[in-house]
Amino acid sequence: MSERTQVHLKDRRTGTLVEAILIDGVTEEEVQAAELTWKPFLEKEIRRMEAAGVPKERLPQHRHWDWRQKYDAIEGYAAYQMFAIECESEMQGMMLVSTAGKVCRVESQKGKSLVYVHFLAAAPWNLASIVTEPRFSLVGSILLATAIQLSIQEEFSGRIGLHSLPQADGWYAHDCGMTDLGCDATAHNLRYFEMTAEQASEFLK
Amino acid sequence: MKLNLTKEWLTKRAERDDKAEISAGVFSIDIFKSKQRTHQVASINAAADEDPRPAFGKLINLWRRKKGLRMDQLAEKANIDLAELIEIERNIHYTPEPRTVYQLARTLGLSNERMLQLSGNVIARDQTLGQEAVRFAARSESVEKLNKDEQRALEEFVKFLSEK
């Protein structure tokens, strides 16, 4: 069942906070609608970037993600939850998490349950790496806060884990205060980040 | 979901988020998608006589080595993700993205339609493709340099794909 909560994003064009909706339990139609707007925008921008000679490593690293396929793959599995933030009738970011099957790796909480963030992304028009004037910020922070809140709700004390794409390593390490456990050979050598209960509490302050 | 995010918190976080890249998740290859598609294609191929996909990876591997290219060089040349190229060459049951197949077909100068069949994206109506693909895959070994038989196998298979 879909649940909606009011949140706020920062409209970067005006510098003000604007109302948005956090959707817990995104519907198939909503995922489809997001794909229909994200993909053409992203493809167009990638073509522009390629034509401008932008090196491949600076192109958006999540450009092949297919949220519709992810939705299909998790449908019917209670441990998976998909969240999205809607603003101005468009999806501004999406996140897929699971509440089972993953445990903590940080020594102080090793083996304890956590919420694992399988995928987290903002709409392409919100990314400074793609467009010169991104529309909204706070998408990442609100989705991460949502994962933490879900972890608290599941009695995991705010513990979360994720594999960051290289372009986002700095944000998770320095701006979110997560523990960097280094490259994970089992996940295409992406860096694995984990948030302890204390770090989660600090993040929400 | 109850979120108590104050205006102060939002303002503070916005400063950190303005220019941030935030993506998280398994790099490039969509694990959910590939798992699901692999399963679908495996089911389809179970009903067919031969699975051509091992030959697809072999073809790419031999062609690359024949040209003296490293994996990253071929990925660059074909404008595909290195991670996906690694998966193609190493996982015989992997079904690559149609876009990747198109880019590789263009780089190798082969028919996209035949390559889509070979990669498991499209079911081949022509049974000889599956047979030829299996024969080809069986003849080639993964070694650093192409031996004469591999060289011959590659040439014959490329010729077969070009003729159709």
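Quick caveat, the model's predicted, so the values are computed rather than measured. (Residues numbered from 1 in each chain as written. Chains lettered and ligands numbered in written order. Predicted model: local features only at pLDDT ≥ 70, side-chain atom pairs only at ≥ 80, totals over all residues.)

All names here are of chain A. With 6 of 6 residues buried, strand 9 (residues 190-195) is to be regarded as a mostly interior element. Sheet topology places strand 7 (residues 160-164) next to strand 9; 5 bridges connect them, and they run antiparallel. By the bridge assignment for strand 9, H163 is matched with Y192. Direction of pairing for strand 8 (residues 179-184) relative to strand 9: antiparallel, over a ladder of 4 bridges. Within strand 9, the residue paired with T179 across the bridge is E194. (Buried ≥ 20, exposed ≤ 12 C-beta atoms within 10 Å, placed from the backbone. Helix = DSSP H or I, 4+ residues; strand = E, 2+ residues; numbered from the N terminus. Pairing = 2+ DSSP bridges.)

All right, on to the interface of chain B and chain A then. Opposite the 27 residues of chain B that make contact, chain A presents 48 residues. Where the side of chain B that touches chain A is concerned, the elements lending two or more residues are helix 1 (7-17) and helix 2 (31-47) of chain B. The leading source of residues in the side of chain B that touches chain A is helix 1 of chain B, at 6 residues. (Contact = placed C-beta atoms within 7 Å.)

Looking now at the environment of H93 of chain B. Positionally, H93 of chain B belongs in the loop between helix 5 (82-90) and helix 6 (98-108). Between the C-alpha atoms of H93 of chain B and R53 of chain B, which are 40 residues apart in sequence, the distance is 6.2 Å.

Further remarks concern helix 5 of chain B. All names here are of chain B. Those residues of helix 5 that sit buried are E84, L85, I88 and E89. Burial along helix 5 is one-sided: seen end-on, the buried residues are contained in an arc of 135°. Tucked into the core, helix 5 has its buried residues touching helix 3 (53-66), helix 4 (71-78) and helix 6. (Arc of directions from axis to C-beta.)

Within an α-helix, residues lying three or four positions from one another point in the same direction, as the helix has 3.6 residues per turn. Residues and elements named next belong to chain B. Between its first and last C-alpha, helix 3 extends 20 Å over 14 residues, near the 20 Å set by a 1.5 Å rise per residue. Counted residue by residue, helix 3 has 12 buried out of 14 residues, so it is predominantly covered. Residues of helix 3 that are buried include every one of R53, P54, A55, F56, G57, K58, L59, I60, N61, L62, W63 and R64, and no others. With its phi angle positive at about 70°, G68 sits one or two positions after the end of helix 3. (Expected span 1.5 Å × (residues − 1).)

A word on the confidence of the model for chain B. The predicted structure's coordinates, where accompanied by low pLDDT, should not be read in detail. All names here are of chain B. Summary statistics for chain B give a mean pLDDT of 76 and a share of 75% for residues scoring 70 or more. The least confident element of chain B, judged by mean pLDDT, is helix 2 at 46; the most confident is helix 1 at 92. Segment residues 28-49 is flagged for pLDDT under 50; beyond a separation of four residues in sequence, or across chains, it makes 38 contacts in the model. (pLDDT = per-residue confidence, 0-100.)

Our next topic: the nonpolar core. Ranked by internal contacts, the top residues of the largest apolar core, which has 66 residues, are I85, M94, M95 and A147 of chain A. If near-sequence neighbours (up to four positions away) are discounted, M94 of chain A is found in contact with V26, A34, W67, M82, F83, A84 and A121 of chain A. With 24 residues, the next largest nonpolar core counts I60, L74, I88 and M115 of chain B among its residues. (Core = buried A, V, L, I, M, F, W, Y, C linked by C-beta atoms within 7 Å.)

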